[in-house]
Amino acid sequence: RQVASELPEKTEQTIYCELEGPQRKHYDELRQHYRNTLLNRVDSKGLGRSKMHVLEALLRLRQAACHPGLLDPKRLADPSAKLDVLLEQLSDLREEGHKALVFSQFTSLLAIVRNRLDAKKIDYEYLDGATRDRQTHVERFQNDPACDLFLISLKAGGLGLNLTAADYVFLLDPWWNPAVEAQAVDRAHRIGQTRQVFAYRLIAKDT
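Definitions and limits used
Residues numbered from 1 in each chain as written. Predicted model: local features only at pLDDT ≥ 70, side-chain atom pairs only at ≥ 80, totals over all residues. Heavy atoms only, no water. Helix = DSSP H or I, 4+ residues; strand = E, 2+ residues; numbered from the N terminus. Expected span 1.5 Å × (residues − 1). Buried < 20%, exposed > 50% of the residue type's maximum accessible area, 1.4 Å probe, protein only. Contact = heavy atoms within 4.5 Å. Phe/Tyr/Trp six-rings, centres within 6.5 Å; stacked < 30°, edge-to-face > 60°. Lys NZ or Arg CZ within 6 Å of the ring centre and 35° of its normal. Core = buried A, V, L, I, M, F, W, Y, C linked by side-chain atoms within 4.5 Å.

(A) Layout of helix α2 (residues 51-66). In a regular helix each residue adds 1.5 Å, so 16 residues correspond to 22 Å; α2 covers 23 Å between its end C-alpha atoms and thus fits that length. All of the buried residues in α2 are Ala57, Leu61, Gln63, Ala64, Ala65 and Cys66.

Structure representation (structure tokens):
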């Protein structure tokens, strides 16, 4: 709040992605499976003894909404509505000379994004909890005009990074704590940023 008046404008928007074909079928089948099993379990064991199963179901459904490959490695090549939207957006931004940050809580999802980028020979930086010498990756993204994309795990990159070279931020999956999302967006929207920042949350419709 103390520095807000010194910062450029920030625009936040939700992009709704439409699950189609096999991904929609997979998600709906999974949702029905968990609905049936959880209702039966709550009836027999009570809600108190079913909480971990409820949380697991929510996690699996969140993963299915992102990419089927997060649940089944055999489906890593399957289409994903979120990835299609993301890659299209990134392509447009790169042509216009913008830099972007892409956050996900799932490093396995970032791995799929990396494979897509590698196939297209698109340069990027990457950071998760296992990354060593974080500052080297940060400085390259900040200073190298050829590197216009930074993939970051939400937990590893939410604090302590100055990434003002980016003016676009994408959150691939919603996090239960909005403050963590805000911290991720503020990697770009902070002192030193001179351009308007655009932050997008990707949500799969009807999930």
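(B) Region of interest: the side chain of glutamate 181. Checked against the element boundaries, glutamate 181 lands in helix α7 (residues 178-185). What glutamate 181 contacts, discounting residues up to four positions off in sequence, is Leu171, Asp173, Pro174, Trp175 and Arg201.

(C) Structural view of the packing of aromatic side chains. This model, assessed by the stated rule, comprises five aromatic pairs. Between tyrosine 168 and tyrosine 200, the aromatic rings sit 6.2 Å apart at their centres with planes inclined by 20°, giving stacked as the arrangement. Separated by 32 residues along the polypeptide, tyrosine 168 in strand β5 (residues 168-171) and tyrosine 200 in strand β6 (residues 197-204) bring together distant segments of the chain. Ring geometry for tryptophan 175 against tryptophan 176: centres 5.9 Å apart, planes inclined by 45°, an arrangement best described as tilted. Of the residues examined, tryptophan 175 reaches a relative accessible area of 17% and is grouped as buried. Note on tryptophan 176: relative accessible area 66%, which makes it exposed. A connected cluster of aromatic rings, assembled from ring pairs, spans Tyr168, Phe170, Phe198 and Tyr200. Directly above the ring of phenylalanine 141 sits lysine 99, whose terminal nitrogen or CZ lies 4.9 Å from the centroid. Between the NZ or CZ atom of arginine 114 and the centre of the ring of tyrosine 126, over which it lies, the distance is 4.0 Å.

(D) Region of the structure containing the nonpolar core. One finds Leu86, Val102, Leu117, Leu149, Leu151, Phe170 and Leu202 to be the most contacted residues of the largest nonpolar core, which totals 38 residues. For this core, the leading source of residues is helix α3 (residues 81-95), giving six residues. In contact with phenylalanine 170, other than residues within four places in its own chain, are Leu86, Gln89, Leu90, Leu93, Ala100, Leu101, Val102, Phe103, Tyr200 and Leu202. The next biggest cluster of nonpolar side chains, apart from the first, holds 23 residues, and it includes Phe103, Val138, Leu171 and Val197.

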